[in-house]
Amino acid sequence: MEKIVKTNKPKETKELGKQLGLLAKENMVFTLTGDLGAGKTTLTQGIAKGLNIEKTVSSPTFTILKIYHGRMDLYHFDVYRLEGLHQDLGFEEMIDGDGLTVIEWPMYIQDMIGEEFLEIEIKFIEEEVREFVLKANGKAYEELLGEIQL
Ligand SMILES: Nc1ncnc2c1ncn2[C@@H]1O[C@H](COP(=O)(O)OP(=O)(O)OP(=O)(O)O)[C@@H](O)[C@H]1O
Ligand SMILES: [Mg+2]
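Residues numbered from 1 in each chain as written. Chains lettered and ligands numbered in written order. Predicted model: local features only at pLDDT ≥ 70, side-chain atom pairs only at ≥ 80, totals over all residues. Heavy atoms only, no water.

Asks: Explain the coordination of the magnesium ion (ligand 2) here, please?
Replies: Under perfect tetrahedral coordination by four donors, a metal shows angles of 109.5 degrees; under perfect octahedral coordination by six donors, it shows angles of 90 or 180 degrees. Each protein donor to the magnesium ion (ligand 2) is listed here as T41 (OG1) and E104 (OE); together their distances run 2.1 to 2.3 Å. With T41 in helix α2 (residues 40-50) and E104 in strand β5 (residues 100-104), this residue pair connects regions lying 63 residues apart in the sequence. The residues T41 and E104 share a single accessibility class, namely buried. (Donors = N, O, S within 2.8 Å, 3.2 Å for Na, K, Ca; no water. Helix = DSSP H or I, 4+ residues; strand = E, 2+ residues; numbered from the N terminus. Buried < 20%, exposed > 50% of the residue type's maximum accessible area, 1.4 Å probe, protein only.)

Structure representation (structure tokens):
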């Protein structure tokens, strides 16, 4: 199951993220793919809002993982710097944990992600326009997508 959503400015991307955060259930995994500056972190900021996280989510590029506390924990991964690095950094325990896992650049740790997750691909259309292709892998994620309203 797939859903396509277009946003015309960052605020709309945050609103989409907020809906995703509101609908997220414990232990879920969202993967975010898209070029540099596509809007992965912007979407995650909205997701955090939906989880009632008060801290501002910033780009974790230099830290790989940041944890935020809200209605449930948010594990925000940015694996960009892990390219080619294959080490056991304890990520699997985190991904299997009770919080919501959001991963920017998931291709570098794809083998740590199970078969069920929400795949979010972000396409750059114009300066302020982005297209989000949301693809559900697994029943729980199909239900989540069914509830998205945009
Ligand atoms: N519709 C839109 N949705 C999201 N961001 C947008 C949109 N229009 C413009 N932007 C801008 O694009 C940029 C997106 O940056 P962001 O850090 O979210 O991207 P990213 O995918 O996380 O990049 P990186 O790969 O460097 O981590 C921001 O400067 C934001 O203001
Ligand atoms: Mg980012």
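Asks: Even after reading the chapter, I still don't get the pairing of β5, so can you show me in this structure?
Replies: If a strand is regular, its side chains alternate between the two faces of the sheet. The element β5 is largely enclosed, with a buried count of five among its five residues. What you see with β5 is no split at all: L100, V102 and E104 on one side and T101 and I103 on the other are buried throughout. By the bridge criterion, four bridges tie strand β2 (residues 29-33) to β5 in an arrangement that is parallel. Within β5, the residue paired with L32 across the bridge is E104. Relative to β5, strand β4 (residues 74-78) runs parallel, the two being bridged by five bridges. (Pairing = 2+ DSSP bridges.)

Asks: Would you mind going over a negative patch on the surface with me for this structure?
Replies: Taken together, the side chains of E92, E93, D96 and D111 define an acidic patch exposed on the protein surface. Its location among the elements puts E92 in helix α3 (residues 91-95). (Patch = residues over 30% accessible without salt bridge, like charges linked within 9 Å, V, L, I, M, F, W, Y side chains within 5 Å. Areas by Shrake-Rupley, 256 points an atom, 1.4 Å probe, with all protein chains shown as cover. Salt bridge = Lys/Arg side-chain N within 4 Å of Asp/Glu carboxyl O. Lys, Arg positive; Asp, Glu negative; His and termini not counted. Charge placed at Lys NZ, Arg CZ, Asp CG, Glu CD.)

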